[in-house]
Each structure stands twice: as structure tokens, then as C-alpha cells.
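Descriptive analysis of the structure
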Amino acid sequence: MAVQTTPDASATRGRASFKDLKDRGFFKYIGKNLLLILTAYALVVLLVFLLGKYLVDFNSLFGGIIERLSNRFVLLLFFASESFTGMIPVDLFVVWTQKFNSPLPWLALLGLLSYAGGIISFGVGKWIAIRPRMKRFSERRLAHYMDFVRKWGGAFIIVAALFPFTPFSLVVIAVTLFKYPFRLFLLYGLARLVRFVLQGVFFFDLLKVDLWVL
């Protein structure tokens with residue numbers, strides 16, 4: 001006989017999961033890194049605002065560069081970065097989307113490409129996993145991320161997808177070396193789809209960065 005799940009049982013499991021993550025330091029990690037990132041963003045925004053007001057014409061500087069880059073080149077560069085290293089800050093690509101009259105579809109496209117890049121990173125991790133020497137080297141370099149996956153499971157994948165705490169591509173490779181189920185990665189990695197839209201809203205709707213940067 002199938003066991004029916006009642007709302008009370010679901011709520012109980014949810015509270016238990018929340019408590020477990022709290023006990024394992026998950027929310028402390030998020031709070032600490034979120035504070036660092038918001039502080040860094042605030043300092044960068046302040047610096048760019050002061051430079052733009054008194055020293056640099058960002059409209060001429062960035063506008064010329066962005067207009068000269070072809071859309072295809074930017075998208076290929078982004079896809080390559082998200083697939084293999086994740087070392088190019090995605091903020092630069094979010095800024096690039098603001099050259100369009102309707103940036104939202106382009107932000108959504110970045111999310112899709114990043115998600116697809118994560119799948120390729122998963123394949124790279126599988127490729128590394130069957131090569132003992134490379135596997136040992138990667139496990140040493142990515143041990144920090146693997147510990148997080150071991151402690152927090154899918155919750156860490158969601159955090160890595162949503163926030164710029166860590167390069168998403170490297171987290172995905174660590175997940176693969178940890179032999180995390182592919183279907184769960186696909187599920188939790190969907191958070192990557194909303195990251196770019198949210199960042200675009202934050203930068204250009206809330207902070208109005210485009211009024212004095214582009």
C-alpha cells in the first residue's frame with residue numbers, strides 16, 4: 001500500500017531539514033558570504049559612481065567596447081567560461097545585456113547557456129573521474145566544495161547556482177567527483193536559470209546602474 005503524505009508530515013520533514021541545515025552551519029555560511037558579497041558590490045558601485053562622476057566617461061568607454069563585440073562572440077565566450085572554468089565574472093555579461101532595448105530575454109538566454117554549461121561541466125567531471133591522476137589532483141583542488149556537497153547536498157548546488165560565492169562550473173565538477181546523482185543536479189541546477197534575471201533586476205531596476213554606467 002502506498003504511504004500518503006499529509007501536510008503535517010511534510011511540514012515536519014521541512015522543519016527537520018531546516019534544523020539539520022542550521023546545525024551543519026549552512027545558514028551561517030550563506031549569511032557570512034552574502035554580507036561579504038553585498039559589501040563588495042556596494043564598494044564597487046560606489047567606486048564606479050565616483051569615477052564616472054569625476055574622472056571617467058563610462059558611456060564612451062563601455063559603450064564603444066560593447067558595441068564593437070558581436071553578440072555571437074559574447075555568447076560563445078560566456079558559454080565556454082560557464083562550461084569549463086567559470087572564472088569570467090558573470091556581472092560583465094549582465095552589463096552587456098543592457099545594450100538591448102529589452103534585456104530580459106538576453107538575461108534569460110544567459111541563464112539557459114549557464115545551465116547548459118553546467119551540464120557540460122558535469123560531463124567534464126565524469127571524464128576526470130575515470131583518470132586516476134587527474135581525479136586525485138582535482139579532488140585536492142576542489143576538496144573544499146566537495147565537503148560542502150557532503151554536508152549540505154543539493155542545498156549547496158542551489159546556493160552555488162544563485163549566488164556568486166563560488167564559480168558554478170567548479171562546483172559542478174566537484175559534485176561529479178562526489179558521484180552526486182545527475183538527475184538531482186539537473187533539478188537543483190535549475191536555480192541557475194533565475195540567477196541572471198534576478199541580478200539584472202538588482203543592478204538595473206533597483207540600483208539604476210545603467211543611468212550612469214552605460
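Details of the structure are given in the entry above.
A brief report on the enclosed structure follows. Just so we're clear, the structure is a prediction, and the values are computed from it rather than from any experiment. (Residues numbered from 1 in each chain as written. Predicted model: local features only at pLDDT ≥ 70, side-chain atom pairs only at ≥ 80, totals over all residues. Heavy atoms only, no water.)

Take the overall build of the protein next. Along the protein, the regular secondary structure elements total 13 helices and zero strands. Helices and strands appear in the protein in the N-to-C order α-α-α-α-α-α-α-α-α-α-α-α-α. Within the protein, the fraction of its 214 residues that count as buried is 37%. Accessible surface for the protein amounts to roughly 12800 Å². Of this, 68% is attributable to carbon and sulfur atoms. (Helix = DSSP H or I, 4+ residues; strand = E, 2+ residues; numbered from the N terminus. Buried < 20%, exposed > 50% of the residue type's maximum accessible area, 1.4 Å probe, protein only. Areas by Shrake-Rupley, 256 points an atom, 1.4 Å probe, with all protein chains shown as cover.)

With that settled, consider unusual backbone geometry. Despite not being glycine, lysine 179 has its phi angle at roughly 60 degrees, a positive value. Position of lysine 179 among the secondary structure elements: in the loop between helix 10 (168–177) and helix 11 (182–188).

What follows covers the packing of helix 9 (residues 154–162) against helix 10. Direction vectors running N to C along helix 9 and helix 10 enclose 160 degrees, while the axes themselves pass 9 Å from each other. Relative to helix 10, the element helix 9 lies roughly antiparallel. When the axes of helix 9 and helix 10 are compared, the crossing they make is left-handed. Counted together, Phe156, Ile157, Ala160 and Ala161 of helix 9 and Phe168, Val171 and Val175 of helix 10 form the full contact between these two elements. (Axes fitted to C-alpha atoms, helices over the stretch in contact; angles between N-to-C directions. Parallel < 35°, antiparallel > 145°, perpendicular 65-115°, else oblique. Left-handed = near helix turned anticlockwise from the far one by under 90°. Contact = heavy atoms within 4.5 Å.)

What follows deals with the side chain of glutamate 82. The residue glutamate 82 is located in helix 4 (residues 71–84) in this model. Here the side chain of glutamate 82 touches arginine 192 through a polar contact of 2.7 Å, side chain to side chain. Every residue in contact with glutamate 82, bar those within four places of it in the chain, is listed here: Val90, Ser114, Gly117, Gly118, Ser121, Ser169, Arg192 and Phe196. (Polar contact = N/O pair within 3.5 Å; in protein donor to acceptor, adjacent residues only side chain to side chain.)

All right, on to the side chain of serine 138 then. Within the secondary structure layout, serine 138 lies in helix 7 (residues 132–141). Sequence-distant contacts of serine 138, defined by excluding residues within four places in its chain, comprise Ile128 and Leu177.

A word on helix 4. Under the 1.5 Å per step criterion, the end-to-end length of helix 4 is 20 Å for 14 residues, consistent within 8% with the ideal 20 Å. Listed as buried for helix 4 are Val74, Leu75, Phe78, Ser81, Glu82 and Ser83. Phi turns positive, to about 70 degrees, at glycine 86, one or two residues after helix 4. (Expected span 1.5 Å × (residues − 1).)

On to the nonpolar core. Counting residues in each nonpolar core, the largest one holds 31 residues, and the members touching the most others are Phe26, Tyr29, Leu142, Tyr145, Trp152, Phe156 and Val175. For this core, the elements supplying multiple residues, two or more each, are helix 2 (26–54), helix 6 (103–129), helix 8 (143–152), helix 9 and helix 10. When residues of this core are assigned to their parent elements, the largest contribution, eight residues, is made by helix 10. The residues contacting leucine 142, other than those within four sequence positions of it, are Leu170, Ile173, Ala174 and Leu177. (Core = buried A, V, L, I, M, F, W, Y, C linked by side-chain atoms within 4.5 Å.)

Let us look at the packing of aromatic side chains. Overall, the coordinates contain eleven aromatic pairs when judged by the stated rule. Each ring, one from phenylalanine 78 and one from phenylalanine 93, has its centre 4.9 Å from the other, and the planes form 65 degrees; the classification is edge-to-face. With phenylalanine 78 in helix 4 and phenylalanine 93 in helix 5 (residues 90–96), the pair connects residues that are 15 residues apart, well separated along the chain. Given a relative accessible area of 6%, phenylalanine 93 falls into the buried group. A ring pair is formed by phenylalanine 148 and tryptophan 152, whose centres lie 4.8 Å apart and whose planes are at 10 degrees; its orientation type is stacked. Taken together, the positions of phenylalanine 148 and tryptophan 152, both in helix 8 and four residues apart, correspond to about one turn of that helix. The same class applies to phenylalanine 148 as to tryptophan 152, namely buried. Members of the aromatic cluster, connected to one another through ring pairs, are Phe78, Phe93 and Phe196. (Phe/Tyr/Trp six-rings, centres within 6.5 Å; stacked < 30°, edge-to-face > 60°.)

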